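Now for the letters of each chain:
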Amino acid sequence: MAIHRINQTSFHSGELDPQLISRNDLRAYGRGLQKARNVMLRNQGAIERRPGTFFRADLGGHSRLESFIFSGTQEYIFAFQNTALKIYSTSGTLLQTITSCPWATSNLFELNFTQQGDTMIVVHESFVPQIITRTGATTFTKSNFAFTESVNGKQIYQPYFKFAPETVTLDASSATAGTGITVTSSASYFTSDYVGTTLKIYGTEATVTAYTSGTEVTVTLKDDLEVELDEDPFATQQGSGVVKVTHVQHGLSTGASIVISGSEDIFDVDGNGLASVNLNGTFTITVVDDNHYTYTASSGDTALESVDAGGVRVVIKTHAPTRDWQEQVFSDINGYPKAVAFFQQRLIFAGVTNLPDGLQASKVSEFYNFDTGEGNDNESIQIQIASNEINEIRHLISGKVLEILTNTSEFYLKASIGKPITPADIEVVRQSTYGAQQKAMPRQYDGATIYIQNNGRTVREYVFNSATEEFASAPIAMMSGHLVTGATDAAHLDSMSDRDEQLYFIVNSDGTIAVYSSQRLQEVSGWFQWNTTGTIESIACTTGIAYMSVKRTINSADVYYLEQVASTAFDIPTDMTATKTLSASYQPHGTPLTHGTTSSSSGFIADGFTNAPQQGEAFQFAGTGTEYTIQSATATGNSGEYHIVISASITTSNNVELRFTKSKTWSGLNSTPDMRGLEVHATSGSTEGGNINYYGSATVTSGGVGVFDSPASAVDIGTNYTVEINTMPADGAIGASTTKSPLTAHPRKIAKAILNLSNSYTLQVNNLDVPMNDIADITTSAGIPAFTGTKSVHFLGYNNNPFMEISQNIPLPFRVLTITTEIYY
């Protein structure tokens, strides 16, 4: 029999995919685990029990959580629910409920958000973008996003686009501003849904007021149908009265009638040529191309030379059929944006249903103004991704550049180096071709943007590679892909109190959370799973704190709780935890009173108990003075009445209150949170390395009462969660340096494991308790000391794939630093 020793000094790789069970050639194998459930990976390599959760609020229904951070001292948790938004403080106080919201349960996890200052914007393709505005420390308002309008009311500064085929023309019955004007299209296009929307003909807005047919609607024309041309738009030809007009994208047809005004004389130095009176007026045009047409000056006037002229304000007015028209982009007809972001002092929307590859950016520092104007640097940018396929924009991420994630590819918005984006200096550049899903919003984490690929499983980081000066979309869960199953939500925690880990969370459709811990520069990363006695529906993080929405089935009914994740298991080692403290206002035994008088006796009668007194509990008469411990309590046969024996002789009067100072019995566990029917555990606090108090477990009655093993004056009561740590099969390379071969599939056994522990209280290996102190019964003991040091555990039996199972049957903190394994083969 030979002995081989394996020293696992790090668990950085976390839980590895079952398909890697025999891949001992991988570096990850030596620092990975078969299972890492309900644990935390430490940056230094250790593994420990994950933090528990505090109960914070009853959400009342399915919820999508999102944080709202206004300042370092004013942070909030938003719970998006069916047609409602509940706003909570970080302590779980419900501050406000906003109703009549456009989102529904079915699309909660498709919502996208962006926030700047006191304003959050919520988008989804099925409704008008919503603005959530913080108006005070505890008050918020909701409103529809509304574009800025011009002072004269003639323009709404919103994005416009021609969705109809390019050949479709519009013919207005009048070119003069007013109501009741009929607009006729050359092909059936309109529906009754167009009523209330805005068309833009040439550049003039027309609000649809009535629907007649697919080719006819009635509009209110906000201004005359006229276009001001560029400076000197006329080109004359010597000896001819024909004038060529430059009118970009005029959309007119030959034979159209136009009214020209504002033209100046086109004379030579002698005052001869085309007079303005003959250039202005009503004319019939002949189309040259999309940007030019001609007409003939009136009165037979003839040009004496060929020049470009006309003046600085030539205006064309017409209501002839034209292709030059658009409609508002955001509408019930065309849909609304799926993605939104603030970037370089612009508000940017993208992914409108009928314009899925379009981006619309506001003017600089005017977030509600999308006027393209003259295309100046500060004016609105409205572009489409130019590629060989339609790319449905699903997410925008504001980083060093604007990152654009679509259903098929990943892009970024490129400007000149060191300069902001402008209408004239912008390019959308494709980087990779994987595609992102709509659910589980991408999050910026550890120097990259992490997103979920369309299959709902592959997790990728979109990160700039300085060597290639491009973005790369690398998979980061390849070694642990089984932990991501149908991702629905995501969040990241950049810092935690009293520790240096940073975490990225993915909520799976099965109610578990895949957790990623990474320190890129140190090349440290690994995945593990969190679960609980219920299904986790959503997660959100404020500064340093994570919150979860958890659906639990309790007392045969579904409940939905907001729970705060503690910083460490030393803060709290149980889930759905509620704190109970004995006080004058909280007495779990009711209001018991002495029944009759007692003279110098250790026994007396008391009645009025709602819950039976227990041996070991303590109380004060009338809430003051000496604390007495109950030696025995015997029911008398009368309801709520007991004969109580204490350790001292006393003299009491009739109807004196017994106010309990230590209790095994805790009531009120049937409200918030409801724990009826659950096995729960009672603990009280510890700092890392200090003593922890464990008072045992109890099954909560239908009346919301739990009776624990040991008395306490204050307890944290919560449910246990199953910790699972399975090591990889113990393997090794055996033989001479040139002929080493693995032990894979060779019969062998783990004879001994040496666990290096830190500040641990209880642990089991292969279902064997690892003794850490001399306490005979840990379930009835308070003040359990922490253990730091090594523990040896011995095993029997051979196996082709021997491994160790580390677990707990009592919810107390533990930390494993290293494991040294002795293999016999």
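Keep in mind that what you see is a predicted model, and the values were worked out from it rather than measured. (Residues numbered from 1 in each chain as written. Predicted model: local features only at pLDDT ≥ 70, side-chain atom pairs only at ≥ 80, totals over all residues. Heavy atoms only, no water.)

**Here we look at the overall build of the chain**
Put simply, the rule reads: Put simply, DSSP marks the helices as runs of H or I at least four residues long and the strands as runs of E at least two long, and each gets a number from the N terminus on. Only protein chains enter the area calculation, which uses a 1.4 Å probe; residues under 20% of their type maximum are buried, those over 50% are exposed, and those in between are partly exposed. For this analysis, residues touch if any pair of their heavy atoms sits within 4.5 Å. To be clear on the numbers: accessible area is Shrake-Rupley with a 1.4 Å probe, and residue cover counts the displayed protein chains and nothing else. Working convention for charge: Lys and Arg count positive, Asp and Glu count negative, and His plus the chain ends are omitted. In plain terms, the charge of a residue is placed at NZ if it is Lys, CZ if Arg, CG if Asp and CD if Glu.
Within the chain, the regular secondary structure consists of one helix and 71 strands. In the chain, which comprises 825 residues, the proportion classed as buried is 54%. Sequence separation of 24 or more characterises 63% of the internal contacts of the chain that already satisfy a separation of 6 or more. For the chain, the exposed surface amounts to about 33,000 Å²; the carbon and sulfur share of it is 46%. For the chain, the distance from the average position of its 49 positive side-chain charges to the average position of its 80 negative side-chain charges is 11 Å.

**Describing the nonpolar core**
Just so we agree on the cut-off: For the purposes of this section, nonpolar cores are sets of buried Ala, Val, Leu, Ile, Met, Phe, Trp, Tyr and Cys residues that join through side-chain atoms within 4.5 Å.
Counting residues in hydrophobic clusters, the biggest one holds 45 residues, and the most contacted among them are I47, F505, I513, F528, W530, L755 and L763. If one sorts the elements of this core by residue count, strand β66 (residues 749–760) sits on top with four residues. Within the second largest apolar cluster, 41 residues are counted, among which are A164, V245, L274 and L279.

**Quick notes on a negative patch on the surface**
Rule in force here: What makes a patch is a set of residues exposed beyond 30% relative accessible area and free of salt bridges, joined within 9 Å when like-charged and within 5 Å when nonpolar (Val, Leu, Ile, Met, Phe, Trp, Tyr). Each salt bridge in this description consists of a side-chain nitrogen of Lys or Arg and a carboxyl oxygen of Asp or Glu lying within 4 Å of one another.
On the surface, a cluster of negative charge is contributed by D230, E231, D232, E264, D265, D308 and E374. Tracing the backbone shows D265 in the loop between β24 (257–261) and β25 (266–267).

**A short note on the sheet that holds strand β9 (residues 84–89)**
Which entries qualify depends on this criterion: Any two strands are treated as partners once DSSP identifies two or more bridges connecting them. Between N-to-C directions, angles span 0 to 180 degrees; the directions come from axes that are lines fitted to C-alpha atoms, helices contributing only their stretch in contact.
Strand order in the open sheet made by the four strands is β7-β8-β9-β10, with antiparallel pairing throughout. Each end of this open sheet is capped by a strand with a single partner; those strands are β7 (64–69) and β10 (94–98). The mean inter-strand angle of the sheet, taken between neighbouring strand axes irrespective of direction, is 20 degrees. Pairing of β9 with β10, which is carried by four bridges, proceeds in the antiparallel orientation.

**Considering the sheet that holds strand β40 (residues 427–432)**
Spatially, β37-β38-β39-β40 is the arrangement adopted by the four strands of the open sheet, whose pairing is antiparallel. For this open sheet the edge positions go to β37 (393–398) and β40, each flanked by a neighbour on one side alone. Pairs of neighbouring strands in the sheet enclose a mean axial angle of 25 degrees, with direction left out of account. Inspection of the sheet shows strand β38 (residues 402–406) paired to strand β39 (residues 410–414) by four bridges, in the antiparallel sense. For E403, the partnering residue across the bridge sits in β39 and is Y412.

**As for the environment of E641**
Let me state the cut-off plainly: We define a polar contact as two N or O atoms separated by no more than 3.5 Å, with the added condition that, inside protein, one atom must be a possible hydrogen donor and the other a possible acceptor, whereas residues neighbouring each other in sequence contribute only through side-chain atom pairs.
By the secondary structure assignment, E641 is in the loop between β56 (627–635) and β57 (642–652). With 330 residues separating them in the primary sequence, E641 and G311 have C-alpha atoms 106 Å apart. At 2.8 Å, the side chain of E641 and the side chain of N638 are in polar contact.

**Some words on the environment of Y694**
Structurally, Y694 can be placed in strand β60 (residues 693–699). A relative accessible area of 2% means that Y694 is categorised as buried. Distance in space between the C-alpha atoms of Y694 and V715 is 9.0 Å, their sequence separation being 21 residues. In this structure the side chain of Y694 is engaged in a polar contact, spanning 2.8 Å, whose partner is the side chain of H681.

**What to know about the pattern of salt bridges**
Going through the model one piece at a time under the given rule, you end up with 26 salt bridges. When salt bridges that share partners are traced, they join R42, E48, R499, E501, E688 and R815 into one network.

**Quick word on the environment of H681**
With respect to the helices and strands, the residue H681 is situated in strand β59 (residues 679–684). In this structure H681 comes out as buried when scored by relative accessible area, which is 4%. Taking C-alpha positions, H681 is 9.9 Å from T779, a pair spaced 98 residues apart along the chain. In this structure, H681 is in contact with T574, Y694, G696, S697, F708, D716, I717, G718, N720, N809 and P811, ignoring residues within four places of it in sequence.

**Some details on the packing of aromatic side chains**
The criterion, for reference: In this analysis, rings of Phe, Tyr and Trp, with Trp reduced to its six-membered ring, are considered paired at centre separations within 6.5 Å, and the interplanar angle assigns stacked below 30 degrees, edge-to-face beyond 60, and tilted for intermediate values. Counted as over-ring charges are cases with an Arg CZ or a Lys NZ within 6 Å of the ring centre that also lie within 35 degrees of the ring normal.
A full pass over the atoms with the stated rule returns 43 aromatic pairs. Relative to F330, the ring of F147 lies with its centre 5.5 Å away and its plane at 50 degrees, an arrangement referred to as tilted. One end of the pair, F147, is in the loop between β14 (139–144) and β15 (160–161); the other, F330, is in the loop between β32 (325–328) and β33 (339–343), with 183 residues separating them in the sequence. Between F619 and Y628, the ring centres sit 6.1 Å apart and the planes meet at 40 degrees, which makes this aromatic pair tilted. Accessibility expressed as a relative area gives 17% for Y628, which makes it buried. Feature note: the residues F68, Y76, F78, F80, W103, F113, F127 and F140 constitute an aromatic cluster, connected by ring pairs. Over the face of the ring belonging to Y721 we find R50, whose NZ or CZ atom lies 3.7 Å from the ring centre.

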